[in-house]
Amino acid sequence: MAQDVKIHPLVSPWGRFGLYSFFIDAPEPAIVDTGIACSPAEGMAPALEALGFRIEDVRWILLTHGHIDHIGGAHALWELTGRRAQVVIHEADAHLLRSRQAHVDEYLSVRGQYLHDPDGAAKQTATTEAVISGEMEPTMLVRGGEKLSLGGDVTVSVHSVPGHTAGSVAYVVEGQNSVFVGDAVQVHGAANGFPGYEDPDAYRSSLQYLRDEIRPEHLYLGHPYRRADGVAYGVELDRVQAAEALRESVDIEGGVRGAAHRCLCGGLRETDSAYSPFAPVAEELGYEGDPTLEPSPFFTSLHGYRTQFTQKS
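Heads up: these notes are all about the structure in this document.

1. Concerning the sheet that holds strand β11 (residues 218-221)
Strand order across the open sheet formed by 6 strands is β7-β8-β9-β10-β11-β12, with mixed pairing between neighbours. Two strands lie at the open edges of the sheet, namely β7 (147-149) and β12 (236-238), each paired on one side alone. Strand-to-strand twist across the sheet, computed as the mean angle between neighbouring axes with direction ignored, equals 25°. One ladder, built from 4 bridges, connects strand β10 (residues 178-182) with β11; its direction is parallel. Its bridge partner lying in β11, Val 179 is registered against Leu 219. Against the sheet, helix α8 (residues 200-214) makes contact with β8 (155-160), β9 (169-173) and β10, and its axis sits at roughly 180° relative to β10, the strand it touches most. Helix α9 (residues 239-266) contacts β11 and β12 of the sheet and is inclined by roughly 100° relative to β12.

The following block contains the structure:
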């Protein structure tokens, strides 16, 4: 029965982050997100073995979006399944699975223009070579609205939730409303303490959709995102916690939006601040995190507001 589907978090260490994947114990087992290149062999396989499962039996690899800490292990995991697993990603993020260079290009076109690191492209290239296990063509492209059968009566529905990336999706185990969102719900952000999203309008709309339409009974996050007091949620949220995280995420986006709008209306100014040209935003919000620390969500999000402000002006 779909109501009895068990979900197991799988943790793989990486620097200051813990990389989270989730095992769906269905007749055709699935793993949601794949960490980085070493995650399948060093994190997932031993964890699954301890639970009594075999990684080679996985038949679905469900990717919530295309960032390296979520797709980096996809090729390696696919190989461990004997290339039998279906690899699923939204068509808007598929280029990030197909090409390491796409990640470098994305860096240069957005946050790289604010970080002013002459070695930035080289560092990004080295990172993609180290943490992406292989470039590959997905076996299934989705747009949202699809239903995936994981055998028996276990069905996973696909929901487009753009904002963090254009191709962010939520996977919902129907019948028990277990919802996997990757990084589509940011609250106050993860280790950098700032929420990161490429498209502010889409991000807000997706949060509202998840809050008002999906209403998760169980919400699975890509990282332990933080509350206003700095205390991190776990990655497995119950119905009450999920509602709180979604409500707070919408409120936080509204605060960032207001500060960004006032900064942009006043005109951007280059200064010696580490937050330049968005220093007034950091000051108004009391943000004191390191904006250069990758993945630099401060600059990614503020660039998104800048782009939308320019388009509407």
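2. Things to note about the layout of surface pockets
Estimated volume of the largest pocket: approximately 950 Å³. If you trace the largest pocket, you find 39 residues lining it, with His 67, Ile 68, Arg 111, Glu 294 and Pro 295 closest to the centre. Elements with a minimum of two residues in the lining of the largest pocket: α2 (68-71), α5 (101-109), α7 (120-131) and α11 (297-312). Counted by class, the lining of the largest pocket contains 13 nonpolar, 17 polar and 9 charged residues. Estimated volume of the second largest pocket: approximately 190 Å³. At 3 residues, α9 tops the list of elements feeding residues into the lining of the second largest pocket. Within the lining of the second largest pocket, the residues separate by chemical class into 6 nonpolar, 5 polar and 1 charged.

Analysis parameters
Residues numbered from 1 in each chain as written. Predicted model: local features only at pLDDT ≥ 70, side-chain atom pairs only at ≥ 80, totals over all residues. Heavy atoms only, no water. Pairing = 2+ DSSP bridges. Helix = DSSP H or I, 4+ residues; strand = E, 2+ residues; numbered from the N terminus. Axes fitted to C-alpha atoms, helices over the stretch in contact; angles between N-to-C directions. Contact = heavy atoms within 4.5 Å. 1 Å grid on protein atoms, 1.4 Å probe; cavity = no way out; pocket = protein on both sides within 12 Å on 5 of 7 lines; lining within 4 Å. Points joined across faces, edges and corners; volume = space filled by probe spheres on them. Nonpolar A, V, L, I, M, F, W, Y, C, P; charged D, E, K, R; others polar.

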